[in-house]
Amino acid sequence: MRHIISILMENEAGALSRVAGLFSARGYNIESLAVAPTDDPSLSRMTLVTSGTDEIIEQITKQLNKLVDVVKLFDMTEGEHIEREMMLVKVNTQSKNDREEVKRLADIFRGRIIDVTKDTYTIELTESCERLNAFLESLGNVSILEVVRSGVIGIIQGDKALTV
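Along each chain, residue indices are assigned from 1 in the same order as the chain's sequence is written. For a predicted model such as this one, the threshold for reporting local features is a pLDDT of at least 70, and the threshold for listing and counting side-chain atom pairs is 80 or more; totals across whole chains, interfaces and linings nevertheless cover every residue. The basis for every side-chain value is the complete set of non-hydrogen atoms in the structure, without hydrogens or water.

Q: I'd like a rundown of the pairing of strand 9 (residues 153-156), residues and numbers included.
A: We call a residue buried when its accessible area falls under 20% of the maximum for its residue type, exposed when it is over 50%, and partly exposed in between, using a 1.4 Å probe and counting protein chains only. Secondary structure follows DSSP: runs of H or I at least 4 residues long count as helices, runs of E at least 2 residues long count as strands, and numbering of each begins at the N terminus. Only one face of strand 9 is covered, namely the face carrying Gly-154 and Ile-156; the face carrying Ile-153 and Ile-155 is uncovered. In short, DSSP must find at least two bridges between two strands for them to pair. One ladder, built from four bridges, connects strand 5 (residues 81-92) with strand 9; its direction is antiparallel. Bridge pairing in strand 9 links His-81 to Ile-156.

Q: For the confidence of the model for the protein, give the residues involved together with the corresponding values.
A: The predictor reports its confidence for every residue as pLDDT, a score running from 0 up to 100. Per-residue pLDDT for the protein has a mean of 93; in total, 100% of the residues score no lower than 70. Across the protein, the element-wise mean pLDDT spans from 89 in helix 1 (residues 15-26) up to 98 in strand 6 (residues 112-116).

Q: Run through the nonpolar core, naming residues and quoting values.
A: In terms of nonpolar packing, the biggest core is built from 15 residues, with Ile-5, Ile-7, Val-19, Phe-23, Leu-48 and Leu-64 touching the most fellow members. Elements that contribute at least two residues to this core include exactly strand 1 (2-10), helix 1, strand 3 (43-51), helix 2 (54-66) and strand 4 (70-75). In terms of residue count, the dominant contributor to this core is helix 1 (four residues). The nonpolar core is taken to be a set of buried Ala, Val, Leu, Ile, Met, Phe, Trp, Tyr and Cys residues, with the residues joined through side-chain atoms within 4.5 Å. One finds Val-91, Val-102, Leu-105 and Ile-123 within the second-largest nonpolar core, a separate group that totals 14 residues.

Q: Go over unusual backbone geometry, please, and point to the residues and values.
A: Residues other than glycine seldom take positive phi values, yet Arg-110 does so here, at roughly 55°. Looking at the secondary structure, you find Arg-110 in the loop between helix 3 (96-108) and strand 6.

Q: Please give an account of the layout of surface pockets that cites residues and values.
A: Of the two site types, the cavity is a set of points on a 1 Å grid over the protein atoms alone where a 1.4 Å probe fits but cannot get out, and the pocket is an open set with protein on both sides within 12 Å along at least five of seven lines, each lined by residues with an atom within 4 Å of a point. Grid points are joined across faces, edges and corners, and a volume is the space filled by probe spheres set on the points. Within this model, the largest pocket holds a volume of roughly 150 Å³. For the lining of the largest pocket, the secondary-structure elements that each account for two or more residues are strand 2 (32-37), strand 3, strand 5 and strand 9. The residue classification treats Ala, Val, Leu, Ile, Met, Phe, Trp, Tyr, Cys and Pro as nonpolar and Asp, Glu, Lys and Arg as charged. All others, Gly included, are polar. Of the residues in the lining of the largest pocket, the class split is seven nonpolar, two polar and two charged.

Q: So what's going on with the packing of aromatic side chains? Which residues, and what values?
A: Here a ring pair, both rings aromatic, is described through the centre-centre distance and the interplanar angle of the planes. When two rings of Phe, Tyr or Trp (its six-membered ring) have centres within 6.5 Å they constitute a pair, described as stacked for plane angles under 30 degrees, edge-to-face for angles over 60, and tilted for the intermediate range. Per the stated rule, a full pass over the model turns up two aromatic pairs. With a centroid separation of 5.3 Å and 80° between ring planes, the pair formed by Phe-109 and Phe-135 is classed as edge-to-face. Here Phe-109, found in the loop between helix 3 and strand 6, pairs with Phe-135, found in helix 4 (residues 129-138); they are 26 residues apart in sequence, far enough to count as distant. Across the pair, exposure class does not vary: Phe-109 and Phe-135 are buried alike.

In structure tokens form, the structure reads like this:
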């Protein structure tokens, strides 16, 4: 099962490599990873997506909690949460039909065309992973030149918050 684990950790050199090393040493896969400082400059928030049985996820969280840099963590999959991922897609738009179709799809999926050249459009979308995948599938015969995705970020819904 897919799990989104959000980690508050000390904003220090090597913290990310220790988390990645923990996964690598045990043969676990990180499917998505996003890290950035929080409103407190001494802390960073890491959001990672991984898959595994309940036992594997429990083992991962126990091992993560043992790391010196980890202040607090929460498996967001356990409750209601909001998750988003940003994607940039560059497509070939040499034909008028392709340009019209890409514009129509960008509007439907609440995307923005952020760069236009004679032969390409670059679209920015911020959505759930499922909606981003649906956008890519809906492009159909439009030639995709490049896709860049940020990785999942998420926040717990309601009164709960991952804070110190």
